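Spelled out from the first residue to the last, the chains are:
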Amino acid sequence: MNLEKAICNINRSINKKKLETFNSQWIKYRCKISYQFIVDNIKTEFGEPDWDLVVSRLERCNQKIWMKGTKRAINEPYRDQLELDIILEKYKDKLYTFLAQQDKEDKCVCDIISIKLIRLSQKGNILAEDKAIVLCSYLINQWLEYDRSLVSWKGYDELIVETIKACIRRFRYAGSFLGYLYRTMEYSGRGLVPLEKFSLDDISLTTGRRLLETFVKDDII
């Protein structure tokens, strides 16, 4: 048994049953061998089954029904620097991806780090939430620089932070957190009145190029 086979077995079982929702307990009783492999071998930094990784490998239609309709428990807030440092130490060489992403691998790693921090935050770790907000703010600054669909957010610094916090609270059990954050800003930004006036001939302090040049680049997510 390996992860690929476990994922295949789970997908097949879900599709056969035509489920509307499922969770780890369903896998435990319906895909016993796959479940045992996962809990023994696919673990987070804290020794728990890494269901985020497992679900991310499932067929997209099955990702969408993972714990669908389940209400997330509200946990008591706490501060645990050691818990946060475990994540940051593991990915310390990849934190640059919140400032610049060179390829798809960088985007994937950036999303993995963000989800790790969001899960800690959802457990109640305030320090993890603070770090996630800081790192996501770096990435959002890049979006505002390169993506014209988000340009209306410029100047709304406090609202951006509140939006990140809301996305952290609402993020479900599967999918891309950064993709969810981006789409939330894209849709919410349509009702914002731009606060900053600028010319497309202005020079970007980040890239050294005219803003017009940055607007014709592809989206970074």
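Residues numbered from 1 in each chain as written. Predicted model: local features only at pLDDT ≥ 70, side-chain atom pairs only at ≥ 80, totals over all residues. Heavy atoms only, no water.

In this structure, the largest pocket encloses a volume near 1,200 Å³. For the lining of the largest pocket, the secondary-structure elements that each account for two or more residues are α4 (51-57), α6 (81-90), α7 (104-123) and α10 (177-188). Of the residues forming the lining of the largest pocket, the biggest block, eleven residues, is contributed by α7. Here the lining of the largest pocket is composed, by residue class, of 17 nonpolar, ten polar and 14 charged. (1 Å grid on protein atoms, 1.4 Å probe; cavity = no way out; pocket = protein on both sides within 12 Å on 5 of 7 lines; lining within 4 Å. Points joined across faces, edges and corners; volume = space filled by probe spheres on them. Helix = DSSP H or I, 4+ residues; strand = E, 2+ residues; numbered from the N terminus. Nonpolar A, V, L, I, M, F, W, Y, C, P; charged D, E, K, R; others polar.)

Do not read the fine detail of predicted coordinates wherever pLDDT is low. Looking at the protein chain as a whole, the pLDDT averages 87, with 88% of positions reaching at least 70. Between the elements of the protein chain, mean pLDDT differs from a low of 53, seen in helix α11 (residues 211-215), to a high of 97, seen in helix α3 (residues 32-41). For residues 215-221, every residue scores under 50 in pLDDT, and the model assigns this stretch 20 contacts once sequence neighbours within four places are set aside. (pLDDT = per-residue confidence, 0-100. Contact = heavy atoms within 4.5 Å.)

The next thing to look at is the pattern of salt bridges. The tally for this structure, following the rule as stated, stands at eight salt bridges. A salt bridge links Lys116 to Glu45, with the shortest nitrogen-to-oxygen separation between them at 3.3 Å. With Lys116 in helix α7 and Glu45 in the loop between α3 and α4, this pair connects stretches of sequence that are 71 residues apart. Per residue, the accessibility class of Lys116 equals that of Glu45, and both read buried. (Salt bridge = Lys/Arg side-chain N within 4 Å of Asp/Glu carboxyl O. Buried < 20%, exposed > 50% of the residue type's maximum accessible area, 1.4 Å probe, protein only.)

Let us now look at a nonpolar patch on the surface. Residues Leu99, Val134 and Tyr138 make up a contiguous nonpolar surface patch of roughly 260 Å² in combined accessible area. With respect to the element layout, Val134 can be found in helix α8 (residues 126-146). Assessed through its relative accessible area of 37%, Val134 is described here as partly exposed. (Patch = residues over 30% accessible without salt bridge, like charges linked within 9 Å, V, L, I, M, F, W, Y side chains within 5 Å. Areas by Shrake-Rupley, 256 points an atom, 1.4 Å probe, with all protein chains shown as cover.)

On to the environment of Tyr35, then. Tracing the sequence through the fold places Tyr35 in helix α3. Separated by ten residues in sequence, Tyr35 and Gln25 place their C-alpha atoms 9.0 Å apart. Discounting residues that sit within four places of it in the chain, Tyr35 has contacts with Ser24, Ile27, Lys28 and Trp51.

With that settled, consider the environment of Gln81. Tracing the backbone through its elements, the reader meets Gln81 in helix α6. Counting along the chain gives 44 residues from Gln81 to Asn125, while the straight-line C-alpha distance between them is 8.7 Å.

Moving on, we come to the nonpolar core. Nonpolar side chains tend toward joint burial in soluble globular proteins. In terms of nonpolar packing, the biggest core is built from 36 residues, with Phe177 and Leu181 touching the most fellow members. If you list the elements that add at least two residues to this core, you get α6, α7, α8, α9 (157-170) and α10. Apart from residues no more than four positions distant in its own chain, Phe177 is found in contact with Asp111, Ser114, Ile115, Ile118, Cys136, Cys167, Ile168 and Phe171. Trp26, Val39, Ile42 and Val55 belong to the second largest nonpolar core, which has 23 residues in total. (Core = buried A, V, L, I, M, F, W, Y, C linked by side-chain atoms within 4.5 Å.)

Time to look at α9. The end-to-end C-alpha distance of α9, which contains 14 residues, comes to 20 Å, matching closely the 20 Å that a straight helix rising 1.5 Å per residue would cover. Of the surrounding elements, those touching the buried residues of α9 are α7, α8 and α10. (Expected span 1.5 Å × (residues − 1).)

Another point: α10. With twelve residues, α10 should reach 16 Å at 1.5 Å per residue; the first-to-last C-alpha distance of 16 Å fits that figure. Among the residues of α10, Phe177, Leu178, Gly179, Leu181, Tyr182, Thr184, Met185 and Glu186 are the ones counted as buried. In this structure, the buried residues of α10 make contact with α7, α8 and α9. Structurally, the start of α10 carries an N-cap: the backbone nitrogen of Gly179 is 2.9 Å from a side-chain oxygen of Ser176. (Polar contact = N/O pair within 3.5 Å; in protein donor to acceptor, adjacent residues only side chain to side chain.)

Now for the packing of α8 against α9. Describing two packed helices takes the angle between their axes plus the distance from one axis to the other. Look at α8 against α9: their axes get within 10 Å of each other, and the N-to-C directions meet at 120°. Relative to α9, the element α8 is oriented oblique. As α8 runs across α9, the sense of the crossing is right-handed. Residue-level contacts link Glu129, Ala132, Ile133, Cys136, Ser137, Ile140 and Leu144 of α8 to Ile160, Val161, Ile164, Lys165 and Ile168 of α9. (Axes fitted to C-alpha atoms, helices over the stretch in contact; angles between N-to-C directions. Parallel < 35°, antiparallel > 145°, perpendicular 65-115°, else oblique. Left-handed = near helix turned anticlockwise from the far one by under 90°.)

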